[in-house]
Amino acid sequence: MLDIASVVRVHVDVLIAAQNDMGVCDAIERKEPVGRPDVMSAPNMPKVAGIDPIVPAPAHTTSPFDDLPAAPGTLIQDRLAGWVSDLTTLHELTERLARTGSLDDALHELLRAGAALVGARRGLVVLEPADGLGPAITLGLGLAHADLGHLETVPRCATSYGRLLDSSTARADPVAVPDLLGDAELDPRQRDVAARLGYGASYAVPLADDTAAEDTAASGTSGAAGTSSRDGTSGAASGKLGAAVWLYDEPAEPVARQRHLVGLYARYAGAQLARLLELERARTHVAVITEELLPSRLPRIPGVQLAARHRTGPRGGGDWYDALPLPEGTLGLAVGSVSGSGPSAVAAMGRLRASLRAYAVMEGEDPVAVLSDLEMLLRLTDPARTATALFAYAEPALRKIVLAGAGHAPPLIVGERRTEFVETSLSAPLGMLACWEAPSVELFPAPGETVLLYTDGLLRRTGDPMDRAFARLRAAAASVPRALRGDPGAVADHVLRTVLPEGLGAAGSGDDIVLLAARFD
C-alpha cells in the first residue's frame, strides 16, 4: 500500500478523467463503500510479478460501519495502489516480451503472460499475417501436439480465433465464451473437443500491428471506402497478425480489469510480433539466396565420396564451399568466408565463388596461383573487404592433395590410425596485403581416411577460445564410431553433433557453419 496521507487534496475532475482513461475503476464521486473485489475467474492463477499464487490475496472487507461512507482519502489510496500494481505487472511482462529474439520465443511468452493476466491455465496462439506472406504458426500452452490436432478439427468459423482472423477489421473486439458446454448454439464438433480436452470457457483477443494498419488506411484515404492493398486484403485488415485464445477449465470469464490489462498487453505484443516477423522474413530471404549461390549437388568422382553441411547464421554471413570436377578425373575443393554479414556479404561471397571456379578450371593444379588471382580480383573490385579461403587440388586416383590457404583454418584428417590437423603455412587473408603469396602443401590420405574442410564459424559457435575450439573439434573427429567412418555424411553429422551438442539452431553465435567432407577410397 502506498504511503499516502488519509486526507489528500485532489482535483476531482482531473481524477475522474484519468480514471476513465485507464478504465480500471468507477467514477470517484460515487463514493461507494469498498466491497469485496471480483475474484479471478480461474482457480489457480500463475505466479506473475512476484505474486505467489499459493498464498491467497488479502480480501478487502466491508467497513464494519455500513451506514458510513468510506473516507475519500482511503478510497483514492486503495485505487491508486491497484493502478500501480497493475502497471508494474504490465511493465514486467512487456519487458520480458521485448527481450525475445525470435517469433517462437515471443509467441510462447505471449501465451504465458496472457494466461497470467486473464487467470487461465491453457491457451493457443495462431499467427496468420493478413498479407499472406507467412509464416503460419500455431503454438499451444499446456496443450500437447495431439490436443492442437483435435482443436484444428473444429470448423474455423465455429472457433473464437477463427472469427477474429476472418474479421474484416484488424482490431476486432475480443471474443469471450464464458460457458462453452452451456451454449445451445455451440458447434457439435467443438462441444466434443471441449469435452475431450476438458475446458469449459475461452477468451480470445486479436493480434495486430496498429502502425501498419494506420499507414495502410492513410494511404488509401484518397480512394474509395473499399480500397484494398496490393495483396487483396482490405486496408483495415492489413495489419492483422493472428489471434490468441486462453482456455479455462470451468465456465469462467475475465473481469473488466483483466480484460483491460490483457488488451493493453496484446497491443504491445502486436507491435513486437510485427518487428520479429519482418526480421524473420529478412533472415529467410538471405538464407534462400545463400543456398541458391552454393552448389545444388556435389559431383561424383571415382575414388572419392563427398558430403557437405551448411547452415546460414541469423545475420546472414558469407561462408561458402565448392566442389567442382576438373579435367582428367581430378577435383577442386574450396571453402571460404567473406568479412561482414547481411546481403552485401552474401553478394560478395557469390562473386568470389564464381571467380574461383573460373580460376580453378584454368590453373587448378596450382592452388597458390588460384588464390593469388582471387586476391587480386578482391583487391581491385572490393578493396574494403577481406576474405579467407582454402583451395585444394585433389587427384583421387593417386590419393594426393595439393592445397593452399589464405588465413583459413587448417584441414583435419580423420582415419583409423590418425586424427590430426594438416600443417599449413601461416598466411594473411585475401585483401590484407598488397601482394599475397603462400607456399602450397601436399598430403596423401590413406585409403578410408576423410579430409574435413570447414570455416571458423564452426569454431566460434562453440563459444570457447580458439585453442579449446580446435581441441574440441579434433576430439569430436577422433570419436567417430568405426561403423560411420565409411560415410562422409555420417562423419560430418557426428562431428557437428559432438562439437555443438545443443544443435546448430540453438548455438549462441550467429556465424555461418560450413563443413565439407571428402573420403578417399
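Draft legend 1. Representation of the packing of helix α4 (residues 145-152) against helix α6 (residues 188-197) in the model. The contact between α4 and α6 brings their axes to 9 Å, and the two run at 160 degrees. With respect to each other, α4 and α6 are oriented roughly antiparallel. Crossing handedness for the pair α4 and α6: left-handed. Note on element contacts: α6 touches α4 through R189, V193, R196 and L197, opposite D147, H150 and L151. Its residues placed into classes, the contact of α4 with α6 shows three nonpolar, one polar and three charged.

Draft legend 2. Here's a closer look at the sheet that holds strand β15 (residues 513-520). Read across the sheet, five strands follow the order β6-β15-β14-β11-β12 without closing on themselves; strand pairing throughout is antiparallel. Edge positions in the sheet fall to β6 (304-311) and β12 (419-421), since each of these pairs with one other strand and no more. Here the strands of the sheet are splayed against their neighbours by 15 degrees on average, with no regard to which way each runs. For strand β11 (residues 412-414) and β12, the ladder comprises three bridges, and the chain directions are antiparallel. Its bridge partner being in β12, V414 is matched across the sheet by T419. Along the sheet, helix α12 (residues 466-478) makes contact with β11, β12 and β14 (450-454), crossing β12 at roughly 150 degrees.

Draft legend 3. How the structure looks around unusual backbone geometry. A cis geometry characterises the amide bond from G134 onward to P135, with omega recorded as 0 degrees. One can find P135 in the loop between β1 (122-127) and β2 (137-141). Even without a glycine there, the phi angle at R399 is positive, about 50 degrees. Locating R399 in the fold gives a position in the loop between β9 (387-395) and β10 (400-406). When its relative accessible area of 30% is taken as the criterion, R399 is described as partly exposed.

Draft legend 4. Layout of the pattern of salt bridges. Under the counting rule described, the total for this entry stands at 23 salt bridges. Taking the shortest distance from any N to any O, the salt bridge between D322 and R353 comes out at 3.4 Å. Here the residue D322 occupies a position in strand β7 (residues 318-326), and R353 occupies one in helix α9 (residues 343-363), the gap between them amounting to 31 residues. Taking the shortest distance from any N to any O, the salt bridge between E442 and K400 comes out at 3.8 Å. Separated by 42 residues along the polypeptide, E442 in strand β13 (residues 441-443) and K400 in strand β10 bring together distant segments of the chain. Shared partners join several salt bridges into a network, and the residues in it are R96, E109 and R112.

Draft legend 5. The packing of aromatic side chains, seen in detail. By the definition in use, this model includes one aromatic pair. Here F421 and F470 contribute two aromatic rings whose centre-to-centre distance is 5.5 Å and whose plane-to-plane angle is 90 degrees, an arrangement assigned as edge-to-face. Placement of F421 in strand β12 and of F470 in helix α12 is noted, with a sequence separation of 49 residues between them.

Draft legend 6. Spatial organisation of α4. Among the residues of α4, those classed as buried are D147, L148 and L151. Projected down its long axis, α4 shows its buried positions confined to an angular sector of 100 degrees, all on one face. In α4, the exposed positions that point more than 90 degrees away from the buried face belong to H145 and E152. Against β1, β2, α5 (160-165) and α6 lie the buried residues of α4.

Draft legend 7. Local environment of the nonpolar core. Grouped together as the largest cluster of nonpolar side chains are 52 residues, with contacts concentrated most on L333, L371, F391 and I401. Beyond its immediate stretch of four places on either side in the chain, F391 contacts G332, L333, A334, L356, A360, G364, P367, V370, L371, V402, L403 and A404.

Draft legend 8. A look at the sheet that holds strand β4 (residues 201-208). Reading across from one edge, β2-β1-β5-β4-β3 is the order of the five strands in this open sheet, with antiparallel pairing throughout. With one partner strand each, in any of the chains shown, β2 and β3 (175-177) form the two edges of the open sheet. Recorded for the sheet is a direction-independent mean angle of 10 degrees between the axes of neighbouring strands. Sheet topology note: the β4/strand β5 (residues 240-248) ladder contains eight bridges and is antiparallel. Among the inter-strand pairings, V205 is bridged to a residue of β5, identified as A244.

Draft legend 9. Inspection of the packing of helix α3 (residues 103-118) against helix α8 (residues 256-293) at higher detail. Contact geometry for α3 and α8: axes closest at 10 Å, N-to-C directions at 180 degrees. It follows from the interaxial angle that α3 and α8 lie roughly antiparallel. Contact residues: α3 offers L103, A106, L107, E109, L110, A113, G114, L117 and V118, while α8 offers Q258, L261, V262, Y265, A269, L273, L276, L277 and E280. Considered class by class, the residues forming the contact of α3 with α8 number 14 nonpolar, two polar and two charged.

Draft legend 10. Structural context of the confidence of the model for the chain. On average, residues of the chain score 81 in pLDDT, and 79% of them reach the 70 mark or higher. Long-range and interchain partners of residues 1-66, a stretch whose pLDDT sits below 50, account for 83 contacts in this model, where long-range means more than four residues apart. Below pLDDT 50 for its whole length, residues 221-236 participates in 17 contacts with residues either more than four positions away or in separate chains.

Draft legend 11. Spatial organisation of the environment of W246. In this structure, W246 sits in strand β5. Expressed as a C-alpha distance, the spacing of W246 and G114, which sit 132 residues apart in the sequence, is 7.7 Å. From its side chain, W246 meets the backbone oxygen of L111 in a polar contact 3.1 Å long.

Draft legend 12. Representation of the side chain of T100 within the structure. One can find T100 in the loop between α2 (72-98) and α3. Side-chain polar atoms of T100 contact the backbone oxygen of L97, separated by 2.6 Å. When near neighbours in sequence (up to four residues on either side) are disregarded, T100 contacts D105, A106, E109, Q272 and L276.

What counts as what
Residues numbered from 1 in each chain as written. Predicted model: local features only at pLDDT ≥ 70, side-chain atom pairs only at ≥ 80, totals over all residues. Heavy atoms only, no water. Axes fitted to C-alpha atoms, helices over the stretch in contact; angles between N-to-C directions. Helix = DSSP H or I, 4+ residues; strand = E, 2+ residues; numbered from the N terminus. Parallel < 35°, antiparallel > 145°, perpendicular 65-115°, else oblique. Left-handed = near helix turned anticlockwise from the far one by under 90°. Contact = heavy atoms within 4.5 Å. Nonpolar A, V, L, I, M, F, W, Y, C, P; charged D, E, K, R; others polar. Pairing = 2+ DSSP bridges. Buried < 20%, exposed > 50% of the residue type's maximum accessible area, 1.4 Å probe, protein only. Salt bridge = Lys/Arg side-chain N within 4 Å of Asp/Glu carboxyl O. Phe/Tyr/Trp six-rings, centres within 6.5 Å; stacked < 30°, edge-to-face > 60°. Arc of directions from axis to C-beta. Core = buried A, V, L, I, M, F, W, Y, C linked by side-chain atoms within 4.5 Å. pLDDT = per-residue confidence, 0-100. Polar contact = N/O pair within 3.5 Å; in protein donor to acceptor, adjacent residues only side chain to side chain.

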